[in-house]
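Single-letter residue listing:
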Amino acid sequence: MSSEWQTFLLAMIPLGELRVSIPLALAAYNLNWFSSYFISVIGNLVPVIFLLRFLDPISSWLSKSSKIFQQFFSWLFERTRKKYSHQVKKYGSLALVSFVAIPLPFTGGWTGSLIAFLFGIPFKVAFPLIALGVMIAGAIVLIATQLGIAIEKYFGWPTLFLIFFLLGFIYLMVKIFRKNK
């Protein structure tokens, strides 16, 4: 299988998405930055189309077919909307775009599609917002990967490790500081 297809398929996998496909395309498959980005973004958006189109009909069918699924979906919708509706109302479209754009575990196209489904955001609104978020996340991952490759090339792995350690430490300190405020 070609490097391009491997990149495309990796971008479709939940959790990893383009956070995995772009670094592998650049570092392991030796694809150029444009191909890595473009193939990963398209690969990440393919499942989004199917999720946005089919989550509602499948959940409706499951709810009609089974009392357990009906109770589960009722609980899921109620809990999610109760817990997060104020953020969606406050930030609107920006909430979905930002959530998808932050390249962290459990964020991305798959989770963005689930959020759109849970909040009843129609396909014609949700898909462009999720696509924008995926493109932003791809740009962030591409820049971070290119930067990491350059640092490793010129300064070696210990320097790269030290930089990631320091960034993690700064992140934790900011989080602790905000929590104690």
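This write-up is about the structure you can find in this document. (Residues numbered from 1 in each chain as written. Predicted model: local features only at pLDDT ≥ 70, side-chain atom pairs only at ≥ 80, totals over all residues. Heavy atoms only, no water.)

In this fold, Ala27 is placed in helix α2 (residues 17-27). In this structure, the C-alpha to C-alpha distance between Ala27 and Gln146, residues 119 residues apart in sequence, is 9.1 Å. (Helix = DSSP H or I, 4+ residues; strand = E, 2+ residues; numbered from the N terminus.)

So, about the packing of aromatic side chains. Summed over all chains, the structure comprises 6 aromatic pairs. Look at Trp5 and Phe8: their rings are 5.5 Å apart centre to centre, the planes differ by 85°, and that puts the pair in the edge-to-face class. Within this pair, Trp5 and its partner Phe8 are both found in helix α1 (residues 3-12), separated by 3 residues, close to a single helical turn. Judged by relative accessible area, Phe8 falls into the buried class, the value being 17%. (Phe/Tyr/Trp six-rings, centres within 6.5 Å; stacked < 30°, edge-to-face > 60°. Buried < 20%, exposed > 50% of the residue type's maximum accessible area, 1.4 Å probe, protein only.)

Here the focus is the side chain of Ser113. Residue placement: Ser113 occurs in helix α6 (residues 109-118). With residues up to four places along the chain from it excluded, the contact list for Ser113 reads Val48, Leu51, Leu52, Leu55 and Ile130. (Contact = heavy atoms within 4.5 Å.)

Right, let's talk about unusual backbone geometry for a bit. A positive phi is found at Glu17, a non-glycine position, where the angle reads about 45°. By secondary structure assignment, the location of Glu17 is in helix α2. You will see that Asn30, though not glycine, has its phi angle at about 60°, which is positive. Among the secondary structure elements, Asn30 is positioned in the loop between α2 and α3 (33-65).

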